[in-house]
Structure formats: structure tokens, C-alpha cells
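Here is what each chain is made of, one letter per residue.
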Amino acid sequence: MTAEQTLQFREPEAANAIVDRLESMMDEIDEDVSVMHVCGSHEQAIAKFGLRTMLPEGLTVRMGPGCPVCVTNMPEVDEAVALAREGAIVATYGDMYRVPGTESSLGDVSARGATVEVVYSASEAVALARENPDREVVFFATGFETTAAPTAAVLEADPPSNFSVLSAHKYVPPAMEVVAELPDTDIDGFLAAGHAAVITGYGIFEPFVQKYHTPVVVGGFEPLDVLLGLERLLEYIRDGRTGLDNAYPRCVTRAGNTVALETLWNVFEKTTGEWRGIAEIPDANLVLREEYAEYDARKRFDIDPEGGESDPLTNDCLCGDIMAGTAEPDECSLFGEECTPTNPVGACMVSSEGPCKIWLEYGGTPEI
Amino acid sequence: MCLGIPGEILEIDGHEARAEFWNVEKTIRLDIVGESVERGDYILNHAGFAIRKIPDTEVEETIAIYESFLEGDEDEALEEIGAADAVLEFGEQQSGARGRDR
Ligand code: SF4
């Protein structure tokens, strides 16, 4: 990424005008403001277009738990690794392939002869099962609502009996609550992910706004969308109000995609689970409902993830703190040294939505 | 990348459709799009599933925004489309089949 590219985005005049307005609002507010976004694509836009360098002094944009792969818990990876080792074909999205488990990643066991297939979609995983009727095919399913709904759709569409799902799907709203309650985070407003909201609708954040008296604005990923989202948030903060707004009306409605939601909740239910490095979060993991037990890999197989010692370097990994908004990638002593995308220590360096990978890709440490 | 990608529906077969993303064709599912979709419509595709029909009035702007955002990151766009070896042709999409179909 060159400097010119960093500055080249649509309608620079419009962006500058928004930045001017942000500046004058910050003058009025007259204290530091911290805003958190919850979306890997937001981080990408912010880093790629150098948005942090344009923001007025005192306005900080932190990243929150917006990368599903980054918060996938090690034991979940270990389960997938164990299934692959025991002879199942494990199908998963490319992002999961290199995420370290306790001892091995899926990539590691694949190099040692297990069958791990990177798929682009849940339906490709089902196709694999049809092509391999004599093998068990387990779809290690990750992601927020935008990928959980497709997983649900293939389960509703009567997949073959050798197909099952190991769900590591996550549900964001409860995680936002946990982050809002962390003693070290002092967040004045949230920029919520436009794309999850395509499915859930932005109305889903209403209870959060009421409970925490913190404004939430749903924003798109494009630089102008991000700036516009920040502007709406600062308006709320300046006026001492809370509220919920949609700065991404092109793609997001209040009710969301009701068909996708119905499919999602027909198949999945919420449960308590660990978000790697953050906390055990009530209702933030998605597991298959009893009606779909036959397709639930955790019920079908007696999974025996072997324990073992994790890489001692993982003790220094700050991925969880980064996801909770209390640390930034360049505070990690391994960043870009022992930990790189080809040799990742933590999940934040693996996923294209992972802040460590994004920061490394777009010029190391985007200026704060 | 969690942003989804806009494409044009070329052909529909039950819950499945062929869609075009900057001259790259791909099969996608329509199970959860939530609206009736026809040939020539634009949808937002995420991981092989259409998750939203893009309103006609917003197609052009949406495509333009994506092009400006994805420029320089074609590899990632292709990953999002699920066609790693293909070549995207930005600027081609709006002038394509949509005009012919309507
Ligand atoms: S740079 Fe690597 S080790 Fe450090 S926090 Fe990021 S993922 Fe973890």
C-alpha cells in the first residue's frame, strides 16, 4: 500500500467536510471521546484509507470483538482437529485453516495426512458430503449472523446423512454488552457492523442502547460511511443523548432480513460460551437446536480433543485484549516479528478480519 | 472480509442462481435472500448466499462504491466471490446484461 493509495478514496471533499464537522463537534464536546467499532471490515477501511490520521485530536476509534475467527476458542479448533485426525473430512472457511489450536491447526494436521477442505460456502461443504458418501463430512462453521444463516439454510434443505456441523458461530449483541461492562473500556459510542445488520436489522441494538445509555450507529464499511457513522455518534455525544441510528440505509433496514433470521433461529439457539481471550459470554455462541441433533457433530461423535501443551508464545498474544478494545496490535511484542500471517501465533494474525493482520498489511501501525 | 459483494443474477434454477461479479460467474444460493429475485436483479452475496436484494435505485451507487473500495484489493474481492483464479473487470458491470434484460 503506497501513500497515494491511502489517500485515494471517493469524494475526498465530502470526507474533508465531514472531518471538519467532527473537529468542530470535538471542540464543543471538549473532552476525549472513545468510539468502538465491531467489524473487521471497518478496521480494514480505517487502516487502508488511513482514517485515523484524519480524525481530530481526542477522538479515538478502537476495535472491538468484530472478528469471529479471532474469538473462536482454542478448544473449538481442537475439536475440529480431533475430528480430522479421526478420519472425517473437515470442511471449513479459509480463515480457519491456520488458526492455532492448542497443539495443532487444521493446516498442521492436513500436512500430516488428514483431509481438510477449504470451502467457500456452506453449500460447498454439503456438496463434498454428496461426493463422498462413504466418508463423514464435518463442516466447521464459523462467523456471525451473515454466515450462520447460510449454515442454517443448508441444514433446512435436507443435507445427506454423512454431513454434520461443528458450530463455532457467534452472536455479537451479547458480546457488545460484555465489552461495554469491562472496567478498562470506557466507550462513548458504538459503530456497529453494517453487514451483520443486513441480516439482524438495526433494531436489534435498541435494548442495548436503552440499557447502557450509549449511542449505537450502524455504519457501512466504505471510508465515507465510516466517517458518516462517526459524525452521527459525535452528534449524540455532544447533545448528551443516547440513540440508535442507521448510517447505512443502502443495505440495512430496521427489521433486517426476516427470512434469513427465521431460518437462523429455526436451526440455532444461543448458548453461553467462551470468546477466546475475552470472557465467557452468555448467549453469544450459536449451537444447533435439538431438532437438528442428528447433524450436530458434537452429538454425533464422541470428540476427544487431545490436550497437550500450547506454544509458549501464545501466552504473550494479546488477541483477546485487542478484541475487547483494551490493547492494540503494536502493543504485542510478537507483532510482525515472531507472529506474521504465514506464521501466526494468534487468530488476530490469521483472519482477513483480524486486526493484527490488517495493521501489518496496511503499513504496520496506522497512526493513532 | 465480512462485507458481501454485489452481483447480477443471470439465471435462476430453483434456489440456485448463476450470478456475475465483474465478469466472474459464480453459482449462489437464494434460500435466504428474503425477497423474490429475478434475472437482471442485483444481490449482495456473502459466502455463496444472496443475503439481500439491492434496490434498483441503489445498484449503480453500490457498484461504484464497491469498485472504489476493492481497487487494489482484487485478491480479497475474489476470495469473497469464491473464485480465486478469476480476473475482475471493474467498470464492466453496469453496462452488462442489465441493460439488455430490462
Ligand atoms: S501479533 Fe500475533 S501474537 Fe500478537 S496479539 Fe496479534 S495475533 Fe496475538
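Here's what I pulled together on the structure shown here. All values derive from a computational prediction rather than experimental measurement.

Our next topic: the layout of surface pockets. Of the voids in this model, the second largest pocket is the one considered here, and its volume is about 290 Å³. In terms of lining residues, the second largest pocket is bounded by 18 residues, among which A:Ser121, A:Ser123, A:Glu124, B:Glu16 and B:Arg29 are the most central. At the level of elements, helix H7 (122–131) and helix H8 (145–156) of chain A together with strand E3 (24–29) of chain B are the ones that each hand at least two residues to the lining of the second largest pocket. Top contributing element to the lining of the second largest pocket by residue count: H7(A), with 5 residues. Of the residues in the lining of the second largest pocket, the class split is 8 nonpolar, 4 polar and 6 charged.

Before going further, it helps to spend a moment on the pairing of strand E7 (residues 189–193) of chain A. Residues and elements named next belong to chain A. Burial runs high along E7: 5 of the 5 residues are buried. Bridge analysis of strand E1 (residues 33–37) against E7 gives 3 bridges, and the strand direction is parallel. Across the sheet, residue Met36 finds its bridge partner in E7, namely Phe190. Bridging between E7 and strand E8 (residues 216–219) involves 4 bridges; their strand directions are parallel. When the bridges of E8 are listed, Ala192 appears paired with Val218.

On to the sheet that holds strand E9 (residues 244–246) of chain A. Residues and elements named next belong to chain A. Across the sheet, which stays open at both edges, the 5 strands sit in the order E2-E1-E7-E8-E9 with parallel pairing between neighbours. Of all the strands in the sheet, just strand E2 (59–63) and E9 have a single pairing partner and so form its edges. Strand-to-strand, the axes of this sheet are offset by a mean angle of 20°, without reference to chain direction. Across 5 bridges, E1 lies against E2 in parallel orientation. Note that in E2 the partner of Ser34 across the bridge is Thr60.

Cysteine pairs can be covalently joined through their sulfur atoms, and such a bond is termed a disulfide. Residue and element names in this part refer to chain A. Under the counting rule described, the total for this entry stands at 2 disulfides over all chains. One disulfide in the model links Cys67 with Cys70; its S-S distance is 2.2 Å. Disulfide Cys67-Cys70: the torsion about the S-S bond is 70°, which places it as right-handed. The buried category is assigned to Cys67, whose relative accessible area is 0%. The exposure class of Cys70 is buried, given its relative accessible area of 1%. In this model, Cys319 is linked to Cys348 through a disulfide, with the two sulfur atoms separated by 2.0 Å. Because the sign of the S-S torsion sets the handedness, a value of about 90° for the bond joining Cys319 and Cys348 places this disulfide among the right-handed ones. Here Cys348 lies in the loop between helix H15 (319–323) and helix H16 (355–361) and Cys319 lies in helix H15, a separation of 29 residues in the sequence. The connectivity of the disulfides in chain A is 1-2, 3-4, where the numbers refer to bonded cysteines in sequence order.

So, how was this worked out
Residues numbered from 1 in each chain as written. Chains lettered and ligands numbered in written order. Predicted model: local features only at pLDDT ≥ 70, side-chain atom pairs only at ≥ 80, totals over all residues. Heavy atoms only, no water. 1 Å grid on protein atoms, 1.4 Å probe; cavity = no way out; pocket = protein on both sides within 12 Å on 5 of 7 lines; lining within 4 Å. Points joined across faces, edges and corners; volume = space filled by probe spheres on them. Helix = DSSP H or I, 4+ residues; strand = E, 2+ residues; numbered from the N terminus. Nonpolar A, V, L, I, M, F, W, Y, C, P; charged D, E, K, R; others polar. Buried < 20%, exposed > 50% of the residue type's maximum accessible area, 1.4 Å probe, protein only. Pairing = 2+ DSSP bridges. Axes fitted to C-alpha atoms, helices over the stretch in contact; angles between N-to-C directions. Disulfide = S-S within 2.5 Å.

Honestly, it's all geometry; don't read function into it.
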